[in-house]
Amino acid sequence: MEATNRGRVRVERSAKRVRTYLGGRAVADTTQALLVWEVPYYPTYYFPLSDVEESALKPTGTTKHSPSRGDGVVYTVTSGGAQAPEAGLAYPESPLADICGHIRFEWDAMEAWFEEDEEVFFHPRDPYTRVDILPSSRHVRVEVDGVTVADSHSPRILFETGLPARYYLPKTDVRLDLLEHTDTATNCPYKGTAEYWTVNGGKDLAWSYRTPLPESQRVAGLIAFYNEKLDIYLDGELQERPKTKFG
C-alpha cells in the first residue's frame, strides 16, 4: 500500500513480521502490520484483527475519540492469565480507511514486542530514522555558565535523523566533580536507557548509556551534553544552540 495521510497522521505498511506478547503468549503475530504516526516523533503498530488472538480481546464498553481517527473501541487484553486493562484500541469506522479492521496495543501494557526475531523496546523503530556513531579527533569543549566541564580530542559523534549531532566524551575528559547523578531516566529504541547528571548546578544537562543496545555500543559509558542548554565549542568555535523538543 502507498502511504496515506489524514491531518498529521501518516500510515504505511511495514515489511517486518511483528509480534506482541502478554502472559507468555503471542497476542498478535502479523506480516501485515501498519506503521501509524499518531505523533510526529515515532510510529505505532496497528495489527490486522485477523492476526490477533480473538479470545484475548474483551470490549470494555467504552470509546475514545480522536479528531483524525474517529471513535475508538477500547478493549482489555487477556492472555496466559495476565490482563492489560484498556490496552487495545480499534477504530472500526475510522475516516482514515487504512486503519479500519486493525487494532493497536498500548506498548507499555504488553509484555514484549518483536520485529522479526529481535526484541524491540520502548516504541517501534522509525524506518526513516538512522543513527550513525563515528569516532572523531575534533576538539570538543563544553561550558556551563562560563565553567569548562569537559574538554576532549576523542569524541564519538552520534548523528541521528532529525536531531543535532551529539558529542559523546570519555569520562576521563569530563569534570566529574561538577556532575551530580539524578534519578532521571529516558528510553530510546535505538540506544537504550539513559541515566542523567546535573552539571555545575544545571539539572539533567548530561546523560550516558551505561549498557546501550547493540547498534549503539560505541557510546557505552561515554557522556553527552545537551547542545540546546549549554555552550559547546567545536574546534574552538562556539556552536549555535539548536532548537529542538529538548530545548
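Structure: above.
Keep in mind that this is a model prediction, so the values were computed, not measured. (Residues numbered from 1 in each chain as written. Predicted model: local features only at pLDDT ≥ 70, side-chain atom pairs only at ≥ 80, totals over all residues. Heavy atoms only, no water.)

### Considering the sheet that holds strand β18 (residues 179-188)
Then comes step 1: Strand order in the open sheet formed by 4 strands is β18-β19-β20-β21, with antiparallel pairing between adjacent strands. Strands at the two margins of the open sheet, each flanked by one partner only, are β18 and β21 (223-225). If you compare each strand with its neighbour and ignore which way they point, the axes differ by 35° on average.
Then comes step 2: As judged from the 3 bridges shared by strand β20 (residues 202-208) and β21, these two strands associate in the antiparallel manner. Residue pairing across strands places Ser208 opposite Ile223, the latter belonging to β21. (Pairing = 2+ DSSP bridges. Helix = DSSP H or I, 4+ residues; strand = E, 2+ residues; numbered from the N terminus. Axes fitted to C-alpha atoms, helices over the stretch in contact; angles between N-to-C directions.)

### Things to note about the layout of surface pockets
Then comes step 1: Estimated volume of the largest pocket: approximately 1,100 Å³.
Then comes step 2: In terms of lining, the largest pocket is formed by 43 residues, of which the most central are Tyr41, Tyr42, His123, Asn187 and Lys245.
Then comes step 3: Among the elements of the structure, β6 (44-48), β10 (102-105), β16 (156-160), β17 (166-168), β18 and β20 are those that each provide at least two residues to the lining of the largest pocket.
Then comes step 4: Looking at the lining of the largest pocket, the element that brings in the most residues is β18, giving 4 residues.
Then comes step 5: Of the residues belonging to the lining of the largest pocket, the class tally is 24 nonpolar, 9 polar and 10 charged. (1 Å grid on protein atoms, 1.4 Å probe; cavity = no way out; pocket = protein on both sides within 12 Å on 5 of 7 lines; lining within 4 Å. Points joined across faces, edges and corners; volume = space filled by probe spheres on them. Nonpolar A, V, L, I, M, F, W, Y, C, P; charged D, E, K, R; others polar.)

### So, the nonpolar core
Then comes step 1: Counting 23 residues, the largest nonpolar core has Phe47, Val77 and Phe105 as its most contacted members.
Then comes step 2: Secondary-structure elements contributing two or more residues to this core are β3 (18-22), β4 (25-30), β5 (34-37), β6, β8 (70-79), β9 (82-90) and β10.
Then comes step 3: In terms of residues, this core owes the most to one element, β9, which gives 3 residues.
Then comes step 4: Beyond its immediate chain neighbours, meaning those up to four positions away, Phe47 contacts Val18, Arg19, Thr20, Ala28, Thr30, Val52, Gly101, His102, Ile103, Phe105 and Trp113.
Then comes step 5: In this structure, Val144, Ala150, Tyr167 and Trp197 belong to the second largest nonpolar core, which totals 21 residues. (Core = buried A, V, L, I, M, F, W, Y, C linked by side-chain atoms within 4.5 Å. Buried < 20%, exposed > 50% of the residue type's maximum accessible area, 1.4 Å probe, protein only. Contact = heavy atoms within 4.5 Å.)

### Regarding the side chain of Asn227
Then comes step 1: Its place among the elements puts Asn227 in the loop between β21 and β22 (231-234).
Then comes step 2: A polar contact is formed between the side chain of Asn227 and the backbone oxygen of Ala165, at a distance of 3.0 Å.
Then comes step 3: Leaving out residues up to four positions away in the same chain, Asn227 has contacts with Pro164, Ala165, Arg166, Tyr167, Ile232, Arg241 and Pro242. (Polar contact = N/O pair within 3.5 Å; in protein donor to acceptor, adjacent residues only side chain to side chain.)

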